[in-house]
Amino acid sequence: MKIRNNHGEFETRAIHAGQTSDPQNGAVMTPVYLTSTFEQDAPAQPRDGYEYSRTKNPTRLALEENLAALEGGQWGLCFASGLGATNALLDSLVPGDHVVAGNDLYGGTHRIFRQVFERYGIRFSFVDTTEARHVEAAIEKDTKLVYIESPSNPLLRVSDIEAISRVAKARSKLLVVDNTFASPYLQNPLAMGADVVLHSLTKYLGGHSDVVAGALVGNDPALFESYAFFQNSCGGSLDPMSSFLVLRGTKTLALRMQRHCENAMAIARFLEDQPQVARVHYPGLESFPQHELAKSQMRSFGGMVSFELKGGVAAGEACASATRYFCLAESLGGVESLIETPPSMTHAAIPAAERHAAGLEDGLVRLSVGVEHIDDLIGDLKVALLKAAQVSEQTADA
Ligand SMILES: *Cc1c(COP(=O)(O)O)cnc(C)c1O
């Protein structure tokens, strides 16, 4: 499992790791190997292990090595989506096994846990992972995985990865960290004791909102064998064209993340000064409850910002409908800015009482801050906040 060209700092590895020029013609970029099968030298003698593209494909392998290098792992495996990666992770569990999971996870992760794997007899406990002791208290004899997200969605809550990894290790449990929101440029959970890192490559790693893909990265060769078995046996492998697109995305990850972080910080500070805004959630703000923890485990604070408007759902929806550059859409992590209202969009499936109990208020608006010019983005939000204020006044008058 040697990673080719795995040298240098992050920015350098992003461009070179896993990639070599083509031995036949010197093509500098990894070709898209659109082939389902590979010629063998003799019966049952594939060249370099290439037999069939579900099992192994050169374009996907280049991406898998690249991602492993970016997360500081020994291996990577790529899947048809982030949820495809989660699926492969859970395929190794058997009835009676137990998972301790964060209570503030991506909605699709919650859905695959409760609506797919619970039917197979896997049990899940959902706890607030911002305190490692809650994780500790939920671990049982049959617990196989601890599964967390940090920062979380949409409130950007931060969990102490090192503390949770100590708790998991003390009881010989695997720690899985969904690192989608931070990206490997900002945070490397394996270095903090996690066993497996999961990514939705659809977000920052792809970075251009043009591909759906996922990955697992880790160090333990036995885990690699297990997940590679399920990747091949269950068929969720990533195709060569998508692998190529993500590989193109990772090359500029560092540059993009720097701008995402700068823009998000400026927007968070701007929002904090606006009278219509009740609260801003951004780990980079001194007012963020876990600012110090975020500072200690992240290189910078990311491109996601959420804020609570005083006028409730109506104000949030008015704001999200009035922007010109922030596109009204779910998802995140692309170069373009997106805006959405979690209570009526990404988190609508959670009953209102449960949402409020989790601190997810009606006026919440979530931004995926892109890499456009900051003046345009702030100008856009100024107009949208005025619209939101008008709607709140009308609601108050009525
Ligand atoms: C989008 C997302 C996923 C799921 O990934 P897909 O590529 O959409 O399947 C998982 N976790 C987080 C944090 C996400 O944002």
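Residues numbered from 1 in each chain as written. Predicted model: local features only at pLDDT ≥ 70, side-chain atom pairs only at ≥ 80, totals over all residues. Heavy atoms only, no water.

Q: If you had to explain the nonpolar core to someone new, which residues and values would you point to?
A: Leu-201, Ile-267, Leu-271, Val-305, Phe-307, Leu-309 and Leu-367 are the most contacted members of the largest nonpolar core, which has 68 residues in total. Shared between two domains, this core holds at least three residues of each, these being domain 1 (10-251) and domain 2 (254-397). If we ignore the near neighbours within four places in the chain, the residues touching Val-305 are Leu-156, Ala-264, Ala-268, Leu-271, Val-280, His-281, Tyr-282, Val-365, Arg-366, Leu-367 and Val-369. Listed in part, the 27 residues of the second largest apolar core include Ala-85, Leu-105, Phe-113 and Leu-216. (Core = buried A, V, L, I, M, F, W, Y, C linked by side-chain atoms within 4.5 Å. Buried < 20%, exposed > 50% of the residue type's maximum accessible area, 1.4 Å probe, protein only. Domains from an automatic or database assignment. Contact = heavy atoms within 4.5 Å.)

Q: Provide a residue-level description of the site of the ligand, including the pertinent values.
A: Gly-82, Asp-178, Ser-200, Thr-202 and Lys-203 are the nearest of the 13 residues found near the ligand. The separation between an oxygen atom of the ligand and a polar main-chain atom of Leu-83 is 2.9 Å. In this structure, an oxygen atom belonging to the ligand sits 2.7 Å away from a side-chain N or O atom of Thr-202. For the ligand, the accessible surface in isolation is 380 Å², of which the surrounding protein chains cover 93%. Tallied by class, the residues present in the shell around the ligand amount to five nonpolar, five polar and three charged. (Near = heavy atom within 4 Å. Polar contact = N/O pair within 3.5 Å; in protein donor to acceptor, adjacent residues only side chain to side chain. Areas by Shrake-Rupley, 256 points an atom, 1.4 Å probe, with all protein chains shown as cover. Nonpolar A, V, L, I, M, F, W, Y, C, P; charged D, E, K, R; others polar.)

Q: Can you lay out the sheet that holds strand 6 (residues 196-200) for me, pointing to particular residues and giving the numbers?
A: Read from one edge to the other, the open sheet built from seven strands follows the order 1-7-6-5-4-2-3, with strand pairing classed as mixed. For this open sheet the edge positions go to strand 1 (75-79) and strand 3 (123-127), each flanked by a neighbour on one side alone. For this sheet, the mean inter-axis angle between neighbouring strands, taken without regard to orientation, is 20 degrees. Sheet topology places strand 1 next to strand 7 (residues 214-218); five bridges connect them, and they run antiparallel. Paired with Phe-79 across the bridge in strand 7 is Gly-214. Running over the sheet, helix 2 (residues 58-71) touches strand 1, strand 6 and strand 7 and is turned about 125 degrees from strand 1. The strands that helix 3 (residues 82-91) touches are strand 1, strand 3, strand 4 (143-149), strand 5 (174-178), strand 6 and strand 7; relative to strand 6, the one it contacts most, it runs at about 150 degrees. (Pairing = 2+ DSSP bridges. Helix = DSSP H or I, 4+ residues; strand = E, 2+ residues; numbered from the N terminus. Axes fitted to C-alpha atoms, helices over the stretch in contact; angles between N-to-C directions.)

Q: Pulling in residues and values, what's your account of the pairing of strand 9 (residues 304-309)?
A: Of all six residues making up strand 9, six are buried, and the element is well covered by its neighbours. Sheet topology note: the strand 8 (residues 277-281)/strand 9 ladder contains four bridges and is antiparallel. Bridging from a neighbouring strand, His-281 pairs with Ser-306 of strand 9. Examined bridge by bridge, strand 9 and strand 12 (residues 364-368) share five bridges and lie antiparallel to one another.

Q: Lay out empty space enclosed by the protein with the relevant residues and their values.
A: Applying the stated criterion to the full structure yields two cavities of 30 Å³ or more. Taken as a whole, the largest cavity encloses approximately 80 Å³ of empty space. Lining the largest cavity are Gly-102, Asn-103, Asp-104, Leu-105, Asp-128, Thr-129, Thr-130, Glu-149, Ser-152, Arg-157 and Ser-159. Taken together, the residues that form the lining of the largest cavity break down as one nonpolar, six polar and four charged. (1 Å grid on protein atoms, 1.4 Å probe; cavity = no way out; pocket = protein on both sides within 12 Å on 5 of 7 lines; lining within 4 Å. Points joined across faces, edges and corners; volume = space filled by probe spheres on them.)

Q: With reference to specific residues and values, describe the side chain of Glu-64.
A: Mapped onto the elements, Glu-64 comes out in helix 2. Beyond its immediate stretch of four places on either side in the chain, Glu-64 contacts Gly-76, Leu-77, Cys-78 and Gln-231.

Q: Lay out the layout of surface pockets in plain terms, naming residues and giving numbers.
A: In this structure, the largest pocket spans a volume of roughly 770 Å³. Surrounding the largest pocket, 28 residues form its lining, Leu-105, Gly-107, His-110, His-347 and Ile-350 being those nearest its centre. The leading source of residues in the lining of the largest pocket is helix 4 (residues 107-116), at six residues. Each residue belonging to the lining of the largest pocket can be placed in one class, and the counts come to 11 nonpolar, nine polar and eight charged. Split by domain, the residues of the lining of the largest pocket number at least three in each of domain 1 (10-251) and domain 2 (254-397). If you add up the space inside the second largest pocket, you get close to 540 Å³. Surrounding the second largest pocket, 21 residues form its lining, Pro-23, Tyr-33, Asp-48, Tyr-50 and Pro-58 being those nearest its centre.

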